Amino acid sequence: MDWERQRENWPNSDLSRFVSAAGVRWHVQQAGTHGPRVLLLHGTGASLHTWRDLLKPLAEHAQVLAIDLPGHGFSSLAAGEGMSLPGMAHGIAQLLDQLAWPVQAFIGHSAGAAIAAQMVLDTPLQPEVLIGINPAWLPLPGLAGLLFPPAAKLLAMTQAVPHWFARQASRPGVLEKLLQSTGSVLDARGNALYAQLVASPTHAQGALHMMAAWDLSRGRDKLRQLRCPVRLLVGGKDATVPPVQAKQAMELLHHGELTEWPAYGHLVHEEAPAATLLYCRKQLSLE
């Protein structure tokens, strides 16, 4: 993606800057001068734009940092194992060290919640709370879980695939079907932002490399090891990560609490940003 060409239309671009750490040029947005340090982590195939309606309001009561994951949005691709779950957790930890920004709370969407959990387990860090929004902590059930990683590895190895995917995703009706598959209904602004993402071959390459390197086979063991408070916000219409997985996670967590909103899908925080803001403020004790 081309920052100079797209920055004028990108949410909260006035807060954006680029930081080099762990071999990645990270696109970050930072706001807030007081309160707990809260790290926002988006999921696979998205970018920090997913927090567009939450970042500044949350920063009225907290210090907030949002990042584009490696290969996503405007961040560069990480080399080798840097696109894996442990690799991303390590890379983000190095970024936080570079910024001298010790995180105190996490808000992670989908795969972002898995990265947050990995960071907690890999460091002495014990955050005040880890909020997982439709968290992708466990392998997908059934045939999808068996076929998805190998297929992603094959596609990621083929250099022409990201360009092909970007062309296909730019065709009329394709993006609408992709978003419908999440169970969420976005406004025109949200649709337009995802249209920019899926039309980018570099973004497609990043998403494919992340999916190819992802391994959630030890997800249950990791959840058992978490000792920090964990709060789950789940959309009942989520068609990407089955809501039943949140209930399975609750059986493994020591200090878990589940809230389900039946009317929303996988992108619940984009569908209902005001309600999500109130929920997060409560969990962060910012009221």
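Residues numbered from 1 in each chain as written. Predicted model: local features only at pLDDT ≥ 70, side-chain atom pairs only at ≥ 80, totals over all residues. Heavy atoms only, no water.

Draft legend 1. Representation of the pairing of strand β5 (residues 105-109) in the model. Counting buried residues in β5 gives five out of five residues, a clear majority hidden from the surface. By the alternation rule, side chains of β5 split into Ala105, Ile107 and His109 and Phe106 and Gly108, which are all buried. Where strand β3 (residues 37-41) meets β5, four bridges bridge the pair, whose relative direction is parallel. Residue pairing for β5: Val38 is matched across the bridge by Ala105. For the segment spanning β5, helix α4 (residues 111-122) and strand β6 (residues 129-133), crossover handedness is right-handed. (Buried < 20%, exposed > 50% of the residue type's maximum accessible area, 1.4 Å probe, protein only. Helix = DSSP H or I, 4+ residues; strand = E, 2+ residues; numbered from the N terminus. Pairing = 2+ DSSP bridges. Right-handed = clockwise from strand over helix to strand, strands pointing away.)

Draft legend 2. Looking closely at the sheet that holds β3. Pairing in this open sheet of eight strands is mixed, and the strands run β1-β2-β4-β3-β5-β6-β7-β8 from one edge to the other. Of all the strands in the sheet, the pair left with one neighbour each is β1 (16-21) and β8 (256-261). Between one strand and the next, the sheet's axes are offset by a mean angle of 20°, whatever the strand orientation. Strand contacts of α4: β3, β5 and β6, with the helix running at about 145° to β5, the strand carrying the most contacts. (Axes fitted to C-alpha atoms, helices over the stretch in contact; angles between N-to-C directions. Contact = heavy atoms within 4.5 Å.)

Draft legend 3. Quick peek at helix α3 (residues 85-99). For α3, spanning 15 residues, the distance from its first C-alpha to its last is 21 Å, which sits close to the expected 21 Å at 1.5 Å a residue. When we look at burial in α3, the residues that qualify are Leu85, Gly87, Met88, Ala89, Gly91, Ile92, Leu95, Leu96 and Leu99. The backbone nitrogen of Gly87 has a side-chain oxygen 3.1 Å away, supplied by the residue at the start of α3, namely Ser84. A positive backbone phi angle near 50° is found at Ala100, which sits one or two residues after α3. (Expected span 1.5 Å × (residues − 1). Polar contact = N/O pair within 3.5 Å; in protein donor to acceptor, adjacent residues only side chain to side chain.)

Draft legend 4. Expanded view of the pattern of salt bridges. Applying the stated criterion across every chain yields a total of five salt bridges. Note that Arg7 is salt-bridged to Glu4, the shortest N-O span being 3.6 Å. Using a relative accessible area of 34% as the deciding quantity, one classes Arg7 as partly exposed. Measuring nitrogen to oxygen at the nearest pair gives 3.0 Å for the salt bridge that ties Asp221 to Arg224. Of this pair, Asp221 and Arg224 both sit in helix α10 (residues 219-225), three residues apart, which is roughly one turn of that helix. (Salt bridge = Lys/Arg side-chain N within 4 Å of Asp/Glu carboxyl O.)

Draft legend 5. Geometry of the packing of α3 against α4. Following both chains from N to C, one finds α3 and α4 inclined at 70°, their axes separated by 9 Å at the closest point. If you check the angle between α3 and α4, you find them roughly perpendicular. Along the contact surface, α3 presents Leu85, Pro86, Met88, Ala89, Ile92, Ala93 and Leu96, while α4 presents Ala114, Ile115, Gln118, Met119 and Asp122. For the contact of α3 with α4, the residue count by class is 10 nonpolar, one polar and one charged. (Parallel < 35°, antiparallel > 145°, perpendicular 65-115°, else oblique. Nonpolar A, V, L, I, M, F, W, Y, C, P; charged D, E, K, R; others polar.)

Draft legend 6. Fine view of the pairing of β8. The pairing of strand β7 (residues 230-235) with β8 spans six bridges and is classified as parallel. Within β8, the residue paired with Leu233 across the bridge is Thr259. Following the backbone out of β7, through helix α11 (residues 244-250) and into the adjacent parallel β8, one traces a crossover that is right-handed.

Draft legend 7. Geometry of helix α13 (residues 273-283). Looking only at α13, the buried set comprises Pro273, Thr276, Leu277, Tyr279, Cys280 and Gln283. The arc that holds the buried residues of α13, viewed along the axis, is 165°, so those residues lie on one side. Turned more than 90 degrees away from the buried face of α13, the exposed residues are Ala274 and Lys282. The secondary structure elements touched by the buried residues of α13 are α2 (55-58), β5, β6, β7, β8 and α12 (268-271). (Arc of directions from axis to C-beta.)

Draft legend 8. Layout of the confidence of the model for the protein chain. On average, residues of the protein chain carry a pLDDT of 90, and 90% of them reach 70 or more. pLDDT under 50 marks residues 143-147. Its contacts with residues more than four places away, or in other chains, come to two contacts. (pLDDT = per-residue confidence, 0-100.)

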